[in-house]
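Read off the chains here:
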Amino acid sequence: MVPVMDRPKPRRALKAPFRLRLKAWWHGHELFLKRRAPAAGPLGQKDELRRRVTGYRDPERPWETPRIRMLQAVWGEGFTGPGGPDHVLELVKPLGLGPEMSMLHIGAGLGGPARAFVEAFGVWVAGVECDHELAEAGMSLSTLAGMAKRAPITPLELQRFELTPNSLDVILASEILFAVIDKHRALREIEQALRVRGQFLFTDYVLNQRGQEDDPVLRAWAKKEPLTPHLWTAQEYARILAEYKLDIRITEDVTDTYRSLALRGWANYTEAVSETELDPEVAACLVQEADLWARRIAAFDSGLLRVYRIYARKKAVDKMLSDW
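How each quantity is defined
Residues numbered from 1 in each chain as written. Predicted model: local features only at pLDDT ≥ 70, side-chain atom pairs only at ≥ 80, totals over all residues. Heavy atoms only, no water. Buried < 20%, exposed > 50% of the residue type's maximum accessible area, 1.4 Å probe, protein only. Helix = DSSP H or I, 4+ residues; strand = E, 2+ residues; numbered from the N terminus. Arc of directions from axis to C-beta. Contact = heavy atoms within 4.5 Å. Axes fitted to C-alpha atoms, helices over the stretch in contact; angles between N-to-C directions. Parallel < 35°, antiparallel > 145°, perpendicular 65-115°, else oblique. Left-handed = near helix turned anticlockwise from the far one by under 90°. Nonpolar A, V, L, I, M, F, W, Y, C, P; charged D, E, K, R; others polar. Pairing = 2+ DSSP bridges. Salt bridge = Lys/Arg side-chain N within 4 Å of Asp/Glu carboxyl O. Phe/Tyr/Trp six-rings, centres within 6.5 Å; stacked < 30°, edge-to-face > 60°. Lys NZ or Arg CZ within 6 Å of the ring centre and 35° of its normal. Core = buried A, V, L, I, M, F, W, Y, C linked by side-chain atoms within 4.5 Å.

1. Remarks on helix H8 (residues 234-243)
Residues of H8 that are buried include every one of Ala 234, Glu 236, Tyr 237, Ile 240 and Leu 241, and no others. What you see down the axis of H8 is that its buried residues fit within an arc of 160°, all on one side. Each element contacted by the buried residues of H8 is listed here: helix H6 (183-193), strand E6 (194-207), strand E7 (246-253) and strand E9 (305-314). Note on H8: the residue one or two positions beyond its end, Lys 245, has a positive phi of about 60°.

2. Focus on the packing of helix H2 (residues 66-75) against helix H10 (residues 280-302)
Contact geometry for H2 and H10: axes closest at 9 Å, N-to-C directions at 55°. By the angle between their directions, the pair H2 and H10 is classed as oblique. Every pair of crossing elements has a handedness; the one defined by H2 and H10 is right-handed. Taken together, the residues of H10 that come into contact with H2 (itself represented by Pro 66, Arg 67, Arg 69, Met 70, Leu 71, Val 74 and Trp 75) are Glu 281, Val 282, Cys 285, Leu 286, Glu 289 and Trp 293. Tallied by class, residues from the contact of H2 with H10 come to 9 nonpolar, no polar and 4 charged.

3. Things to note about unusual backbone geometry
Positive phi is not limited to glycine here, since Glu 175 has a value of about 40°. At Arg 197, a position not held by glycine, the phi torsion is positive, near 65°. The residue Arg 197 is located in strand E6 in this model. On the accessibility criterion, Arg 197 (53% relative accessible area) is exposed.

4. Some details on the sheet that holds strand E4 (residues 153-155)
Reading across the sheet, the 7 strands line up as E4-E3-E2-E5-E6-E9-E7 and stay open at both edges, with mixed pairing between neighbours. Both outer strands of the open sheet, E4 and E7, are each paired with one neighbouring strand and no more. Neighbour to neighbour, the strand axes of the sheet diverge by 15° on average, direction disregarded. Looking at chain direction, strand E2 (residues 102-106) and strand E5 (residues 168-174) are connected through 4 bridges and run parallel. The partner of Leu 104 across the bridge, within E5, is Ile 171. With respect to the sheet, helix H5 (residues 132-144) is in contact with strand E3 (124-129) and E4, its orientation differing from that of E4 by roughly 160°.

5. So, the pattern of salt bridges
In the structure shown here, the tally under the stated rule is 15 salt bridges. One salt bridge in this structure joins Arg 309 and Glu 252, with 2.9 Å as the shortest N-O distance. In this pair, Arg 309 sits in strand E9 while Glu 252 sits in strand E7, placing the two residues 57 residues apart along the sequence. Taking relative accessible area as the criterion, Arg 309 reaches 13% and is therefore assigned buried. Look at Glu 252 and you get partly exposed, because its relative accessible area is 32%. Among the ionic pairs, Arg 259 bridges to Asp 301, the shortest N-O distance being 2.8 Å. Within this pair, whereas Arg 259 is found in helix H9 (residues 255-272), its partner Asp 301 is found in helix H10, the two being separated by 42 residues in sequence. Since its relative accessible area comes to 26%, Arg 259 is described here as partly exposed. On the accessibility criterion, Asp 301 (48% relative accessible area) is partly exposed. The structure contains a network of salt bridges with shared partners spanning Arg 67, Asp 131 and Glu 133.

6. A word on the packing of aromatic side chains
Enumeration according to the criterion identifies 13 aromatic pairs in this entry. Centroid distance Trp 75 to Trp 293: 5.3 Å. Interplanar angle 55°. Geometry classified as tilted. A residue pair is termed long-range when its members are at least 10 positions apart, and Trp 75 in helix H2 and Trp 293 in helix H10 qualify at 218 residues. For the pair shown, Trp 75 and Trp 293 are each scored as buried. A connected cluster of aromatic rings, assembled from ring pairs, spans Trp 75, Phe 178, Tyr 205, Trp 221, Tyr 258, Trp 266, Tyr 269, Trp 293 and Phe 300. A cation sits over an aromatic face here: Arg 296 above Trp 293, 4.5 Å from the ring centre.

7. Observations regarding the nonpolar core
Core analysis: the largest hydrophobic core is formed by 91 residues, its most contacted members being Ile 171, Leu 187, Phe 200 and Tyr 205. Looking at this core, the element that brings in the most residues is H10, giving 9 residues. Not counting residues within four places of it along the chain, the set of residues in contact with Leu 187 comprises Leu 177, Phe 200, Trp 232, Tyr 237, Ile 240, Leu 241 and Tyr 244.

8. With respect to helix H4 (residues 112-121)
Counting buried positions over the 10 residues of H4 gives 7, a clear majority of the element. Residues of H4 that are buried sit in contact with helix H3 (85-91), E2, E3, H5, E4 and E5. Phi turns positive, to about 75°, at Gly 122, one or two residues after H4.

9. Description of the pairing of E3
Across 5 bridges, the pairing between E2 and E3 is parallel. Directly across from Ser 102, in E3, lies its bridge partner Trp 124. In the sheet, E3 pairs with E4 via 3 bridges, with the strands oriented parallel. Residue pairing across strands places Gly 127 opposite Ile 153, the latter belonging to E4.

If you want it as structure tokens, here you go:
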């Protein structure tokens, strides 16, 4: 444990910059960052005051960068996007997860969904994440939760990942396939990794229809995405999955739900920090995140970009008479 007296002094509070307040206003909420914490109490007492500064750097969690702290402040502990434990558990209902099943989560982020699956269903989840900073933090969170073996989070090389054939019961991919360049190879790798009657569920950003890629709204969105988009339509996904003998059970446009969850996340965050101070480094990350989501929402509202949930099962291969 680090003694209280050795802890770094909190950074000087920062008033919300105009761009940040503008983003909060754009989502329908004014952001006030006021009320400085009172003077610290006697040495030797647990210093809760520093915890009131949103984004306080905890020396006992060195993997928590300003960006990691910001993401969890907006989306919840262990999460990097809209929703939370209740939402991801609802999302995977068709999978019928259980303790006897092995699962891969591609685009695991900080591992919040993987740990929710372990707690709810006892399933074994291997999380992989192409953002190495998120993967390192996610593994630390799983270790702190006592799930280092049941919900490990490891780095993934997105454009050339390889999976062991016939090794998995379930593969879940979360808003990640849109950034894969060679989707044919990636989907073939996923299909081969599934056992017979294995299940594949993914959510992804998709193009509403081919020919709209150069629209200014989509270009403005793509410019700020951390991963360069290589968009397909939902129909293109369905055609290739069918080619690979995956039986599609659900093809659902979930854009409205996803958009509502995103707006709710920002509304909850602006309300939560309305009486706190903001760490300057976290504020800088927050401006970037708000700008990214403003562009995503604009792309959704244009109708050009959609979010789909697609669920498929691997078909059993019928034996030929000659095999008997």
